[in-house]
Amino acid sequence: MDEKKSARSMTAPVGTNASGLQYKSSRLSPWFAKLSNWGVELRGITPVPLEERVDKRFINVFFVWFAMSTNLLPIITGILGTFVFRLSLRDCSLIILFFSLLCTIPPAYFSTFGSRTGLRQMLHARYTFGYYVTPIIAFLNLATISGFGIISCVLGGSTLAAVSDGGIDGTVGIVIIGLIGLFVSFGGYRFLHQYERYSWTFTLVAIIITAGVGGSQLFNQVETAPSSPSVIVSYGGVIAGFLIPWAAMASDFSVYCDPSVSTFRIFAYTYAGLFVPTVPLMVLGAAIGGATANNPTWVEGYTKYMVGGVLDAMLRPAGGFGKFVAVLLSLSVIGNLSGSMYSISLNFQLLAPFFVRVPRFVFSIVYTAVAIPVAVYAARSFFDSLENFIYLIAYWSAAYVAVVTVEHFVFRKADPATYVPEHWDQPRKLPTGISAILAAGLSFGLVVPCASQVWYTGQLAATTGDIGFEVAFLLSSILYVPIRWLELKWRPI
């Protein structure tokens, strides 16, 4: 009965005006009313009131994160460890396990804010970074999520091209992936949850078949030199760069959940949804990366079509059925891409006050129109640079997580009642954000020399390896406490 009641509530034709007030579909324009009746979510970044937080299908939180993590992105991240960082499969697997255990905690906990406060993740950031500073954080989040979305388009499109042996141009493949992602994200929260609940099954079966068909070659690993501590730490930063940025969109997918759900339950569903698929797929990617150099067919596939070419080469012994499985693998990125598009559409509304008046799904269309040509160009020229750039700019997320965490536990005593939803658009009732941006910004004075990427290595990182994430998190946490304390003495909000 609870699920049926929840489903009816989720499909109720409710919209949101610029002030966040609710109105029935009879007051909507005919076109918007029709979209609402079809189940399209019209609500944007505005808080979800208590009476609308009635979704009791809490297990969907697990499926959303599981589907968003069961795709080619973790595989190519694992490939980097052995193919680029030259780590042994054993060392790479241990790094993946250790850093994933730690770095999955922030997005899992931030996911609990949705049901407890009714606030989207970047709207929740206003209660730490303030009304006027949050657009900076939203912009950085947009850059990170958008970049990963472009990588998803390139991976899916290149895999389709590999399956067709070049019959389908990579550009066409990218367009197909981008449009499908737009279709899924267009419907909003309810449609996304339904899609993610089932889509992962096909991907998981396809990955298992791929590992089974090409698995015999995975044992043929290249010889590697003993791993230095700096390389180990640097690759750990890549894992952190993959997982920690999820925290900046975590509550977007639990914001309609009934607040009666326990914090631990949402935390556990999100943690398991991220950790369970990510670690095995990264380890599989590490095994593929370590064996690629010893397999000429895989090298050729990687050279032409990146990870999609390797997977297609692994499936060639299966003939036509292998091609079908490879197509399923190419479509695996849809779960990740559509979820990212959904959060991107919400983030856009925080860049400027008048953007709240623009329907959420319009920004999904705008992003798709921009992402497809960028992905086409990226696939041809600067894909590697783009990927490295994404991991580099993701440093900000460690500082963001640190500041929000300290604000929540130290200054708000972990009490969700201190986040008053009605204050979301009232700057005078929100923190100024000065202490938050100051703590995060000052931490980068040490982050920069501690960062190590393909095209930049800081002076300290040359010795220690990439410890930018660790420094950003620890230093922001330490700096925020005294600065925020002083701010509260001046302005007790």
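Rules of the game
Residues numbered from 1 in each chain as written. Predicted model: local features only at pLDDT ≥ 70, side-chain atom pairs only at ≥ 80, totals over all residues. Heavy atoms only, no water. Helix = DSSP H or I, 4+ residues; strand = E, 2+ residues; numbered from the N terminus. Rg over C-alpha atoms; globule rule 2.2 N^0.38 Å. Buried < 20%, exposed > 50% of the residue type's maximum accessible area, 1.4 Å probe, protein only. Areas by Shrake-Rupley, 256 points an atom, 1.4 Å probe, with all protein chains shown as cover. Lys, Arg positive; Asp, Glu negative; His and termini not counted. Charge placed at Lys NZ, Arg CZ, Asp CG, Glu CD. Expected span 1.5 Å × (residues − 1). Contact = heavy atoms within 4.5 Å. Polar contact = N/O pair within 3.5 Å; in protein donor to acceptor, adjacent residues only side chain to side chain. Patch = residues over 30% accessible without salt bridge, like charges linked within 9 Å, V, L, I, M, F, W, Y side chains within 5 Å. Salt bridge = Lys/Arg side-chain N within 4 Å of Asp/Glu carboxyl O. Axes fitted to C-alpha atoms, helices over the stretch in contact; angles between N-to-C directions. Parallel < 35°, antiparallel > 145°, perpendicular 65-115°, else oblique. Left-handed = near helix turned anticlockwise from the far one by under 90°. Nonpolar A, V, L, I, M, F, W, Y, C, P; charged D, E, K, R; others polar. Phe/Tyr/Trp six-rings, centres within 6.5 Å; stacked < 30°, edge-to-face > 60°. Lys NZ or Arg CZ within 6 Å of the ring centre and 35° of its normal.

## Brief notes about the overall build of the chain
Along the chain, the regular secondary structure elements total 22 helices and four strands. Its C-alpha radius of gyration of 22 Å places the chain within 12% of the 23 Å reference for a compact globule of 493 residues. Projecting the C-alpha coordinates of the chain onto the three principal axes gives extents of approximately 65 × 55 × 40 Å. Counting across all 493 residues of the chain, residues that qualify as buried make up 59%. Surface exposure of the chain reaches about 19,200 Å², of which carbon and sulfur atoms provide 69%. Each charge class in the chain can be summarised by its mean position, and for the 31 positive and 24 negative side chains these summaries are 10 Å apart.

## What about helix H19 (residues 395-411)?
Within an α-helix, residues lying three or four positions from one another point in the same direction, as the helix has 3.6 residues per turn. For H19, spanning 17 residues, the distance from its first C-alpha to its last is 24 Å, which sits close to the expected 24 Å at 1.5 Å a residue. Among the 17 residues of H19, 13 are classified as buried, and the element is accordingly described as predominantly covered. A positive phi of about 55° marks Lys413, the residue just after H19.

## A look at the environment of Ile434
Mapped onto the secondary structure, Ile434 falls in helix H20 (residues 434-450). On the basis of relative accessible area, Ile434 is assigned to the partly exposed category, the value being 46%. Sequence separation between Ile434 and Gly130 is 304 residues; the distance between their C-alpha atoms is 8.0 Å. In contact with Ile434, not counting residues within four places along its chain, are Glu487 and Trp490.

## Remarks on the side chain of Thr292
Tracing the backbone through its elements, the reader meets Thr292 in helix H13 (residues 263-292). Of the residues examined, Thr292 reaches a relative accessible area of 2% and is grouped as buried. From its side chain, Thr292 meets the backbone oxygen of Ile288 in a polar contact 2.6 Å long.

## Structural notes on a nonpolar patch on the surface
On the surface, a nonpolar cluster with roughly 580 Å² of combined accessible area is contributed by Ile136, Ile434, Ile437, Leu438, Leu442 and Trp490. The leading source of residues in the nonpolar patch is H20, at four residues. With respect to the element layout, Leu438 can be found in helix H20.

## A closer look at the packing of helix H4 (residues 72-84) against H13
Where H4 meets H13, the closest approach of the two axes is 6 Å, and the angle between their N-to-C directions is 45°. Regarding the angle of H4 to H13, the classification is oblique. Crossing geometry of H4 relative to H13 is assigned as right-handed. Contact residues: Pro74, Ile75, Thr77, Gly78, Ile79, Thr82 and Phe83 in H4; Thr278, Leu281, Met282, Leu284, Gly285, Ala286, Ile288, Gly289, Gly290 and Thr292 in H13. Its residues assigned to classes, the contact of H4 with H13 shows nine nonpolar, eight polar and no charged.

## Topic: the packing of aromatic side chains
Counted according to the given criterion, the structure contains 31 aromatic pairs. On the basis of an interplanar angle of 40° and a centroid distance of 5.4 Å, the ring pair of Phe62 and Phe66 is categorised as tilted. Within this pair, Phe62 and its partner Phe66 are both found in helix H3 (residues 59-69), separated by four residues, close to a single helical turn. Assigned by exposure class, Phe62 and Phe66 land together as buried. Aromatic rings pair up to connect Tyr109, Phe110, Phe113, Tyr127, Phe129, Trp396, Tyr400, Phe409 and Tyr419 into one cluster. Over the face of the ring belonging to Tyr419 we find Arg412, whose NZ or CZ atom lies 4.6 Å from the ring centre.

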